[in-house]
Amino acid sequence: MPHFAEGIARFQREVFPAKAGLFARLATVHRPGTLFIGCSDARVVPELITQTDPGELFVIRTAGNLVPAHTTGTDAVTAGVEYAVAVLGVRDVVVCGHSACGAMTALAEGHDLTAAPAVAAWLRHADASVARAAAAGTPDVAALVRENVAAQLANLTTHPSVARALAAGELRLHGWVFDIAEGTVEELPAAAAPALAA
């Protein structure tokens, strides 16, 4: 943990002064333009990948970048999506998967998750992704990552706030896959998520 203290001191000494005006504005204004839904994986850092300043992204991170389809109950993902879309008025939503995703690897390779029952239960939100990859005849990890992004975009459209904003032409959905080793970001075509093509 000492390196955290050193990092904070360096931030206060070197980074914050150069952006003091930005932080002064952000202290009273919160208007991100994009909701970024990414994986919890420590190797995938949305602000680093997009080179955005504080305040530009509203970020939700979940294992496997999963977005459960809307239900009548409440959960943190649903609340975050609703807040970003209905309250903050983001104009774009990105669902970003990535290479070497542990969640997708566990599903593609059929890992035994009995010692991690909460993880196993959470990954059931990727059942449609697994089915899509199997139907396409490409059940490897890379294919599952892509199918999962498309499936999560489809799940997003079941959220009332997202459906309303899409119908009003006030929101755009984007599917990305980040390659950790190459540093590249691929935007998936709209055809990758048929429910969004309309």
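Residues numbered from 1 in each chain as written. Predicted model: local features only at pLDDT ≥ 70, side-chain atom pairs only at ≥ 80, totals over all residues. Heavy atoms only, no water.

## Here's the deal with the pairing of strand β3 (residues 92–98)
With seven of its seven residues buried, β3 lies for the most part within the structure. On β3, burial covers both faces: Asp 92, Val 94, Cys 96 and His 98 on one face and Val 93, Val 95 and Gly 97 on the other are all buried. The pairing of strand β1 (residues 34–39) with β3 spans five bridges and is parallel. Counterpart to Gly 38 in the pairing with β3 is Cys 96. (Buried < 20%, exposed > 50% of the residue type's maximum accessible area, 1.4 Å probe, protein only. Helix = DSSP H or I, 4+ residues; strand = E, 2+ residues; numbered from the N terminus. Pairing = 2+ DSSP bridges.)

## Structural notes on the nonpolar core
Nonpolar side chains in soluble globular proteins tend to end up buried together. Among the nonpolar cores identified, the biggest contains 34 residues, and Leu 35, Ile 37, Val 81, Val 93, Met 104, Leu 156 and Leu 171 are the most heavily contacted of them. Secondary structure elements with two or more residues in this core: β1, β2 (57–62), α4 (76–87), β3, α5 (102–108), α8 (141–156), α9 (160–167) and β4 (172–179). Here this core takes six residues from α8, the largest share from any one element. Core analysis: the next-biggest nonpolar cluster, separate from the first, contains seven residues, Leu 57, Val 94, Trp 176 and Phe 178 among them. (Core = buried A, V, L, I, M, F, W, Y, C linked by side-chain atoms within 4.5 Å.)

## Description of the environment of Ala 106
Checked against the element boundaries, Ala 106 lands in helix α5. Sequence-wise, Ala 106 and Leu 166 are 60 residues apart; in three dimensions their C-alpha atoms are separated by 33 Å. In contact with Ala 106, not counting residues within four places along its chain, are His 111, Leu 113 and Leu 123. (Contact = heavy atoms within 4.5 Å.)

## A short note on the side chain of Thr 78
Secondary-structure assignment places Thr 78 in helix α4. Those residues within four positions of Thr 78 in sequence are excluded, and the remaining contacts are His 70 and His 159.

## Concerning the sheet that holds β2
Hydrogen bonds between backbone atoms are what pair the strands of a sheet, whose relative direction is either parallel or antiparallel. The strand order β2-β1-β3-β4-β5 describes an open sheet built from five strands, whose pairing is mixed. The open sheet has two edge strands with one neighbour each: β2 and β5 (184–187). Neighbouring strand axes in the sheet, compared pairwise and without regard to direction, differ in orientation by 25° on average. Across the face of the sheet, α4 comes into contact with β1 and β2 while running at roughly 165° to β2. (Axes fitted to C-alpha atoms, helices over the stretch in contact; angles between N-to-C directions.)

## A short note on unusual backbone geometry
One non-glycine residue, Gln 51, lies in the positive phi region at around 55°. The residue Gln 51 is located in the loop between α3 (46–50) and β2 in this model. The backbone of Asn 65 sits at a positive phi, close to 45°, despite the residue not being glycine.

## Quick word on a nonpolar patch on the surface
A contiguous nonpolar surface patch, about 230 Å² in accessible area, is contributed by Phe 11, Val 15 and Phe 16. By the secondary structure assignment, Phe 16 is in the loop between α1 (2–15) and α2 (20–26). Judged by relative accessible area, Phe 16 falls into the partly exposed class, the value being 35%. (Patch = residues over 30% accessible without salt bridge, like charges linked within 9 Å, V, L, I, M, F, W, Y side chains within 5 Å. Areas by Shrake-Rupley, 256 points an atom, 1.4 Å probe, with all protein chains shown as cover. Salt bridge = Lys/Arg side-chain N within 4 Å of Asp/Glu carboxyl O.)

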